[in-house]
Amino acid sequence: KARLKTGNGDTEGIVLELIPLEPVPGIAVIEILASKKADTIHRVTTINEYDDTTVIRFQNIRFESFAPSLFEFQPSEDITVIQMNEQASVQEILE
């Protein structure tokens, strides 16, 4: 399941909190901090069942082109795909 959190003193970003529907060893919660302005992820935090936390911070983010054949992803039919250039808000999609 997912929950969108705002606030946290960070007005420039939103936090998407992901909680496994079924227990997953080593992961109780994953939090993703994304920029509201730049459509980039700034931080990923994982929390395990013992409340141990691992934080990965992304800095100096650059986007460069790559060959489309380098990456292929086919989501299952029950997955909602969000195109980055669409105007749908994350809150609308999560509801």
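Our structure's up above, just so we're on the same page.
From a predicted model like this one, the values you see are computed outputs, not experimental measurements. (Residues numbered from 1 in each chain as written. Predicted model: local features only at pLDDT ≥ 70, side-chain atom pairs only at ≥ 80, totals over all residues. Heavy atoms only, no water.)

Peer 1: Help me out: how do you make sense of the side chain of Asn48 in this one?
Peer 2: Relative to the helices and strands, Asn48 is located in the loop between strand 4 (41-47) and strand 5 (53-57). Accessibility expressed as a relative area gives 17% for Asn48, which makes it buried. There is a polar contact of 2.8 Å between the side chain of Asn48 and the backbone nitrogen of Tyr50. At 3.0 Å, the side chain of Asn48 and the backbone nitrogen of Asp52 are in polar contact. Sequence-distant contacts of Asn48, defined by excluding residues within four places in its chain, comprise Gly26, Ile27 and Ala28. (Helix = DSSP H or I, 4+ residues; strand = E, 2+ residues; numbered from the N terminus. Buried < 20%, exposed > 50% of the residue type's maximum accessible area, 1.4 Å probe, protein only. Polar contact = N/O pair within 3.5 Å; in protein donor to acceptor, adjacent residues only side chain to side chain. Contact = heavy atoms within 4.5 Å.)

Peer 1: I tried to follow a nonpolar patch on the surface on my own but got confused; where do I start?
Peer 2: A cluster of nonpolar side chains, Ile41, Ile56, Phe58, Ile61 and Phe63, forms an exposed patch at the surface whose accessible area comes to about 490 Å². For Ile61, the location among the structural elements is in the loop between strand 5 and helix 1 (90-94). Judged by relative accessible area, Ile61 falls into the partly exposed class, the value being 34%. (Patch = residues over 30% accessible without salt bridge, like charges linked within 9 Å, V, L, I, M, F, W, Y side chains within 5 Å. Areas by Shrake-Rupley, 256 points an atom, 1.4 Å probe, with all protein chains shown as cover. Salt bridge = Lys/Arg side-chain N within 4 Å of Asp/Glu carboxyl O.)

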